Amino acid sequence: MRIVGSVSIAIAATLIGLFGDLMLGVSGLSGAGPGLTVIEYSDSDDTERAIGIGMGVVALIVWLVLLLSAVLVGLRGHRPTRERRATVWIVAGLSTVLVLGALIVVLATPPPLT
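Conventions we followed
- Residues numbered from 1 in each chain as written.
- Predicted model: local features only at pLDDT ≥ 70, side-chain atom pairs only at ≥ 80, totals over all residues.
- Heavy atoms only, no water.
- Helix = DSSP H or I, 4+ residues; strand = E, 2+ residues; numbered from the N terminus.
- Expected span 1.5 Å × (residues − 1).
- Buried < 20%, exposed > 50% of the residue type's maximum accessible area, 1.4 Å probe, protein only.
- Contact = heavy atoms within 4.5 Å.
- Polar contact = N/O pair within 3.5 Å; in protein donor to acceptor, adjacent residues only side chain to side chain.
- Patch = residues over 30% accessible without salt bridge, like charges linked within 9 Å, V, L, I, M, F, W, Y side chains within 5 Å.
- Areas by Shrake-Rupley, 256 points an atom, 1.4 Å probe, with all protein chains shown as cover.
- Salt bridge = Lys/Arg side-chain N within 4 Å of Asp/Glu carboxyl O.

Student: Explain helix α1 (residues 2-26) to me, using residue names and the numbers behind them.
Tutor: Compared with the 36 Å implied by 1.5 Å per residue over 25 residues, the 36 Å span of α1 between its first and last C-alpha is a close match. Among the residues of α1, those classed as buried are Ser6, Ala10, Ala13, Thr14, Gly17, Gly20, Asp21, Met23 and Leu24. Packing partners of the buried residues in α1 comprise β1 (29-30), α2 (46-75) and α3 (82-107). Within two residues after α1, Gly28 carries a phi angle of roughly 90 degrees, on the positive side.

Student: Go over the environment of Ser95 with me, naming the residues and quoting the values.
Tutor: Position of Ser95 among the secondary structure elements: in helix α3. Sequence-wise, Ser95 and Gly54 are 41 residues apart; in three dimensions their C-alpha atoms are separated by 21 Å. The contact partners of Ser95, leaving out residues within four places of it in the chain, are Ala10, Thr14, Trp63 and Leu67. Of the polar contacts made by the side chain of Ser95, one reaches the side chain of Trp63; its length is 3.0 Å.

Student: Help me get a handle on the environment of Glu40, residues and values and all.
Tutor: By the element assignment, Glu40 lies in the loop between β2 (37-38) and α2. Residues Glu40 and Gly28 lie 12 residues apart in sequence; the distance between their C-alpha atoms is 7.1 Å. Leaving out residues up to four positions away in the same chain, Glu40 has contacts with Asp46 and Arg49.

Student: Now, about a nonpolar patch on the surface: what can you tell me, with residues and values included?
Tutor: Side chains of Phe19, Leu22, Val26, Ile51 and Met55 sit close together on the surface and give an oily, nonpolar patch of about 470 Å² of accessible area. At the level of elements, α1 and α2 are the ones that each hand at least two residues to the nonpolar patch. Structurally, Leu22 can be placed in helix α1.

Student: Hey, could you go over α2 for me, with residue numbers and the actual values?
Tutor: An α-helix turns once every 3.6 residues. As a result, residues three or four positions apart point the same way. For α2, which comprises 30 residues, the first-to-last C-alpha distance of 44 Å matches the rise-based estimate of 44 Å (1.5 Å per residue) to within 8%. Along α2, the residues classified as buried are Arg49, Gly52, Gly56, Ala59, Leu60, Trp63, Leu67, Ala70, Val71 and Gly74. Buried-residue contacts for α2 involve α1, β2 and α3. Looking one or two residues past α2, Gly77 carries a phi angle of roughly 100 degrees, positive in sign.

Written out as structure tokens, the structure reads:
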């Protein structure tokens, strides 16, 4: 039962982390220039960008907290078995690779040439 709970929390965490990556990408945050820059789009204003960046950062923090709680749920209890430990770490690793990989792709997007 702990495995099901841990995997469910990790799936929810992964979806929230991917939403955070999406919000950072839509708001135009880019790390391809000198430091972190915000890509200026003509159809949005600074308030929309700030809200998008804020939502992305909060979503990534929630992802990290939920992922750590998924690991704790899976590893708690009386003497966790090898299968349970392996499942928990594989699911946590997959979530980390997906979210951080998407974050790298989003931040590596260069600003458009004008």
